[in-house]
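Fold and contact review
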Amino acid sequence: MTTKNTRSDTYCGDHEVSIVDLSAFTANGDAESKRRAAIDLREKLKVNGCIGIVGHGVSQKMITEAFAVAKEFFDMPMEEKMKAPHPDAPVPHRGYSRPDDKNHVAAKTAKEMTSEAKKEMYSKTKDFKEAFDLGSEENRDEPNTWLPKGVYDGFREFTLKFYWELNKTSLAILDALIISLDLTDEEADRVRALHPGHDHQLRLLHYPPVARVEAADKLVTRMGAHTDWSTFTLLFQDTNGGLMYMDRATDTFVDAAPIDNVVYMNIGDMFERISNGIYPSALHQVVIHKPQKSRYSIPYFMCSLGDGVIEPQPSLVKRMGFQKYDPVTTMEYSTSAFQTVRDASEVLSTD
Ligand SMILES: O=C(O)CCC(=O)C(=O)O
Ligand SMILES: [Fe+2]
């Protein structure tokens, strides 16, 4: 369902990612406007598990500042960035990862590794990106890694402020998801309680320019196809493009083109399970549209409590007549997904 004169009418095509206006949820709309937005959300999100959001409630000023901060960080000399190094292990997923960091392989998840053709493709390509990851200061399992005092002062303060600003928007989106699935009050409370705010991850990404020959020979990609392990992910990107989502009907990737005031959102593996598969976890990748240009993006992964039990909501199971997934804790899921990725990448590297 679309409402008149919204961006939805323009962008809800077969070959583009549909746009949904969520201002009813981010700007305190009345119950009727929330209901209408939730119906629109459901109709579009169930197709491929991804949408573009207008009315997301994050100020353009803050988004612009976030990209400026990311650029200033990545512009620093390597030895300065390496003063906040990502540990030589997948967890805690915090700090700076250089372009040749072996943990970048974590982008490649279990699902796409099942196809021989894709396995073959991944054995030839490698991701080319650098990243800085951070989370809540109160996350005890994954403490942050910060630059020492005197190196880019202000970075920590701004990125944490942005983290909590995005938490507000994410909670509004979670409400929209809850209403869109018509969950009971009890289920809604349970799903909200799984997301107290300290388990999300904010990631600054820089994809450096790629040598023409590598781009032409497809030896390098910006980010291989994967699904996220999050509940859902918000994706901010610069104007260079490259983000693509899988259109399940045609089995082809479609552009999530940069559009003013649009933030892309995709369902992650956790909400696919919570929704009993109604909303699919979106397969996505970043391809090299403009090899000679740097690309910056800022994903925000809304994640659930490590020991929180993720399971299809009973009212959905009842309505659908089957339960698609067994319960699993967030931690169990990510540990096993990571192991699958590691096994697959070991197979690939010995091929
Ligand atoms: O850079 C992007 O636009 C996508 C990043 C992404 O998918 C991820 O970090 O999981
Ligand atoms: Fe992703």
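Each chain carries its own residue numbering, running from 1 in the written order of its sequence. Labels are handed out in written order, letters beginning with A for the chains and numbers beginning with 1 for the ligands. In view of the model being predicted, local features appear only for residues whose pLDDT reaches at least 70, and side-chain atom pairs are presented and counted only at 80 or more, with totals across whole chains, interfaces and linings using the full set of residues. Water and hydrogen atoms were dropped before computing side-chain values, which therefore reflect all heavy atoms in the structure.

Per an unreviewed UniProt entry, the recorded name for the chain is Putative leucoanthocyanidin dioxygenase, and the organism is Aaosphaeria arxii CBS 175.79. UniProt positions are given in the numbering used here, feature names are shortened, and annotations may be inferred rather than shown by experiment. What UniProt states about the chain under its Sequence similarities (unreviewed entry) heading is, verbatim, "Belongs to the iron/ascorbate-dependent oxidoreductase family."

**Considering the pattern of salt bridges**
Take a side-chain nitrogen of Lys or Arg and a carboxyl oxygen of Asp or Glu: if they are within 4 Å of each other, that pair is a salt bridge. Tallied over the full model, the rule gives 14 salt bridges. With a shortest N-O distance of 3.2 Å, Glu32 and Arg35 are connected by a salt bridge. Here Glu32 pairs with Arg35, and both are found in helix 3 (residues 31-48), just three residues apart, close to one helical turn. Given a relative accessible area of 43%, Arg35 falls into the partly exposed group. Here Arg203 and Asp133 are joined by a salt bridge, their closest N and O atoms 2.9 Å apart. Of this pair, Arg203 sits in strand 6 (residues 201-207) while Asp133 is found in strand 5 (residues 130-134), placing the two residues 70 residues apart along the sequence. Salt bridges sharing partners connect three or more residues here, namely Glu32, Arg35 and Arg36. Starting at the N terminus, helices and strands are each numbered in turn, a helix being any DSSP run of H or I of at least four residues and a strand any DSSP run of E of at least two. With a 1.4 Å probe rolled over the protein chains alone, any residue whose accessible area is under 20% of its type maximum counts as buried; one over 50% counts as exposed, and the rest are partly exposed.

**Side note on the packing of helix 8 (residues 155-180) against helix 9 (residues 185-193)**
To characterise two packed helices, one gives the angle between the axes of the helices and the distance between these axes. With axes taken as lines fitted to C-alpha atoms, and helix axes fitted only over the stretch in contact, angles between N-to-C directions fall between 0 and 180 degrees. Close contact between helix 8 and helix 9 brings their axes to 11 Å; oriented N to C, the two are set at 150°. Judged on the interaxial angle alone, helix 9 and helix 8 are roughly antiparallel. The hand of the helix 8/helix 9 crossing is right-handed. Touching Leu174, Asp175 and Ile178 of helix 8 are Ala188, Val191 and Arg192, all from helix 9. Within the contact of helix 8 with helix 9, the residues separate by chemical class into four nonpolar, no polar and two charged. Here is the rule for angles: anything less than 35 degrees is roughly parallel, anything more than 145 is roughly antiparallel, 65 through 115 is roughly perpendicular, and the remaining ranges are oblique. Put simply, a crossing is left-handed when the front helix is turned counterclockwise from the back one by less than a right angle, and right-handed when it is turned clockwise. Any pair of residues with heavy atoms lying within 4.5 Å of one another is described as a contacting pair. Asp, Glu, Lys and Arg are counted as charged, while Ala, Val, Leu, Ile, Met, Phe, Trp, Tyr, Cys and Pro are counted as nonpolar; the rest, among them Gly, fall into the polar class.

**Quick word on the site of ligand 1**
By nearness alone, 14 residues border ligand 1, and Tyr207, His226, His284, Arg295 and Ser297 come closest of all. Residue His226 places a side-chain N or O atom 3.0 Å away from an oxygen atom belonging to ligand 1. When contributions to the shell around ligand 1 are tallied by element, the ones reaching two or more residues are strand 6, strand 8 (223-226), strand 13 (284-286) and strand 14 (295-302). Tallying contributions element by element places strand 14 first for the shell around ligand 1, with four residues. Considered class by class, the residues forming the shell around ligand 1 number eight nonpolar, three polar and three charged. Any residue with at least one heavy atom within 4 Å of a molecule or strand is counted as near it. Side-chain atoms alone can form a polar contact between residues adjacent in sequence; in general such a contact is a pair of N or O atoms within 3.5 Å, and within protein one must be able to donate a hydrogen while the other accepts it.

**Description of the sheet that holds strand 12 (residues 263-267)**
Taken together, eight strands build an open sheet; the order of strands is 1-2-12-9-14-6-5-3 and the sheet is mixed. Looking at the sheet topology across the chains shown, the edges are occupied by strand 1 (19-21) and strand 3 (95-97). Strand-to-strand twist across the sheet, computed as the mean angle between neighbouring axes with direction ignored, equals 25°. As paired strands, strand 9 (residues 232-237) and strand 14 are joined by six bridges and run antiparallel to one another. Along strand 14, the bridge assignment pairs Leu234 with Tyr300. Two strands pair if DSSP finds at least two bridges between them.

**What about the coordination of the iron ion (ligand 2)?**
For the iron ion (ligand 2), the full set of protein donor atoms is His226 (NE2), Asp228 (OD) and His284 (NE2), at a range of 2.1 to 2.3 Å. Water is absent from the atoms considered, so a metal site may look incomplete; donors are defined as N, O and S atoms within 2.8 Å of the metal, or 3.2 Å for Na, K and Ca. We note that the donor set of the iron ion (ligand 2) lies within a single chain, spaced as H-x1-D-x55-H. In this pair, Asp228 sits in the loop between strand 8 and strand 9 while His284 sits in strand 13, placing the two residues 56 residues apart along the sequence. Since its relative accessible area comes to 6%, Asp228 is described here as buried. Under the relative-accessibility criterion, His284 is labelled buried at 4%.

**Describing unusual backbone geometry**
Across the junction of Val91 and Pro92, the peptide omega takes the value -5°, indicating a cis bond. Mapped onto the elements, Pro92 comes out in the loop between helix 5 (78-81) and strand 3. One non-glycine residue, Asp251, lies in positive phi territory at about 55°. Mapped onto the secondary structure, Asp251 falls in the loop between strand 10 (243-247) and strand 11 (252-255). Phi at Asn276 is positive, roughly 55°, even though this residue is not glycine. Mapped onto the fold, Asn276 is located in the loop between helix 11 (269-274) and strand 13. Take Asn276: its relative accessible area is 1%, and that puts it in the buried class.

**With respect to the pairing of strand 6**
Of all seven residues making up strand 6, seven are buried, and the element is well covered by its neighbours. A two-sided burial pattern is seen for strand 6, the buried positions comprising Gln201, Arg203, Leu205 and Tyr207 on one face and Leu202, Leu204 and His206 on the other. Here strand 6 runs beside strand 14; their pairing, made up of five bridges, is antiparallel. When the bridges of strand 14 are listed, Leu205 appears paired with Ser297.

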